[in-house]
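Chain by chain, the residues run as shown.
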Amino acid sequence: MEKPMDRTPLTRNFFDRSVLDVAPDLLGRVLVRTSQEGPIELRLTEVEAYAGEVDPGSHAFRGLTPRNSVMFGPPGHSYVYFTYGMWHCLNLVCGPEGMASGVLLRAGEIGVGAEVARKRRFSARNDRELAKGPARLATALDVDRALNGADVIAGPLGPLSVLHGTPPPRDQVRSGPRTGVGGDGAHQPWRFWIDGDPTVSPYRAHVPRRRRTS
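Figured I'd write up the structure that's included with this text. (Residues numbered from 1 in each chain as written. Predicted model: local features only at pLDDT ≥ 70, side-chain atom pairs only at ≥ 80, totals over all residues. Heavy atoms only, no water.)

## Notes on the side chain of Asp 197
Point 1. Positionally, Asp 197 belongs in the segment after strand 9 (191-194).
Point 2. Engagement of the side chain of Asp 197 in a polar contact is seen with the side chain of Thr 199, the distance being 2.6 Å. (Helix = DSSP H or I, 4+ residues; strand = E, 2+ residues; numbered from the N terminus. Polar contact = N/O pair within 3.5 Å; in protein donor to acceptor, adjacent residues only side chain to side chain.)

Here you go:
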């Protein structure tokens, strides 16, 4: 018999730990997006850890800026950034305040609210693709910069919350290099995913941009 999902909300203490402890522990947890269109519940299947000022792959590597200031705040808040002039990506801040670490939510399985997500992700060929990748996840959940800094511990009345869910057995958790990260941070095995889950996004190594020549 399948174990029922635990709907107990995660606490601030869950996020107030090392990013390398929080990231794999987020797998199987359920992110709830509440809006006027109805709730969406997404079971996390793939994440990436970013360790702030000691991590060349992190937005906080060079210190505090207006863009990344939420990362330096208290744990248990959302950090939303805009990338390539097209897409938003959703992160959850963790670790002690001032450490600027966070977890990028890369993929998940949408259970409740799939019909709402389909309206936003109309190009998805099936429900497994609704949140298969960080930009798709943010689009399916209608996440943009308006949610930057949202407190995910605020309870069910907030726009974002995280439930205990159903974490996978430890032997089903895999790790490897982060997708699209180059330079000194390229080989850190800080991407975590549930082995064999069809919603996990494909790995892509970093490809340096070519400079245009006149």
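## A word on a nonpolar patch on the surface
Point 1. A cluster of nonpolar side chains, namely Tyr 84, Met 86 and Trp 87, defines an oily patch on the protein surface of about 390 Å² accessible area.
Point 2. Among the structural elements, Tyr 84 can be located in the loop between strand 4 (78-83) and strand 5 (87-94).
Point 3. On the basis of relative accessible area, Tyr 84 is assigned to the exposed category, the value being 62%. (Patch = residues over 30% accessible without salt bridge, like charges linked within 9 Å, V, L, I, M, F, W, Y side chains within 5 Å. Areas by Shrake-Rupley, 256 points an atom, 1.4 Å probe, with all protein chains shown as cover. Salt bridge = Lys/Arg side-chain N within 4 Å of Asp/Glu carboxyl O. Buried < 20%, exposed > 50% of the residue type's maximum accessible area, 1.4 Å probe, protein only.)

## Observations concerning the nonpolar core
A general tendency of soluble globular proteins is for nonpolar side chains to be buried together.
Point 1. Phe 15, Leu 26, Val 103, Leu 105, Ile 110 and Leu 141 are the most contacted members of the largest nonpolar core, which has 41 residues in total.
Point 2. Ranked by residue count, the leading element in this core is strand 3 (residues 40-50), at five residues.
Point 3. Beyond its immediate chain neighbours, meaning those up to four positions away, Leu 26 contacts Leu 10, Phe 14, Phe 15, Leu 44, Val 47, Leu 92, Val 103 and Leu 105.
Point 4. Ranked by size, the runner-up nonpolar core spans 12 residues in total, among them Ala 60, Val 70, Met 71 and Val 93. (Core = buried A, V, L, I, M, F, W, Y, C linked by side-chain atoms within 4.5 Å. Contact = heavy atoms within 4.5 Å.)

## Focus: unusual backbone geometry
Point 1. Phi at Ala 100 is positive, roughly 60 degrees, even though this residue is not glycine.
Point 2. With respect to the helices and strands, Ala 100 occurs in the loop between strand 5 and strand 6 (101-110).
Point 3. If you check the backbone angles, Asp 142 has positive phi at about 55 degrees while not being a glycine.
Point 4. As for its placement among the helices and strands, Asp 142 is situated in the loop between helix 4 (134-140) and strand 7 (160-165).

## Let's talk about the pairing of strand 2 (residues 30-33)
Point 1. Residues Val 30 and Val 32 line one face of strand 2 and the alternating positions Leu 31 and Arg 33 line the opposite face, and both faces are buried.
Point 2. Two elements, strand 2 and strand 3, share four bridges in a ladder whose sense is antiparallel. Bridging across to strand 3, Val 30 finds its partner in Arg 43.
Point 3. Where strand 2 folds back onto strand 3 in an antiparallel hairpin, the turn is made up of six residues, including Gly 38, whose phi is positive at roughly 120 degrees.
Point 4. As paired strands, strand 2 and strand 7 are joined by four bridges and run antiparallel to one another. Of the residues in strand 7, the one forming a bridge with Leu 31 is Val 162. (Pairing = 2+ DSSP bridges.)

## Notes on the pattern of salt bridges
Point 1. Under the criterion given, the structure shown has 13 salt bridges.
Point 2. A salt bridge links Arg 7 to Glu 41; its shortest N-O distance comes to 2.6 Å. With Arg 7 in strand 1 (residues 6-9) and Glu 41 in strand 3, this pair connects stretches of sequence that are 34 residues apart.
Point 3. The exposure class assigned to Glu 41 is buried, which follows from its relative accessible area of 12%.
Point 4. One salt bridge in this structure joins Arg 120 and Glu 37, with 2.8 Å as the shortest N-O distance. Here Arg 120, found in helix 3 (residues 114-120), pairs with Glu 37, found in the loop between strand 2 and strand 3; they are 83 residues apart in sequence, far enough to count as distant.
Point 5. On the basis of relative accessibility, which here comes to 16%, the residue Arg 120 falls in the buried class.
Point 6. Owing to a relative accessible area of 46%, Glu 37 belongs among the partly exposed residues under this scheme.

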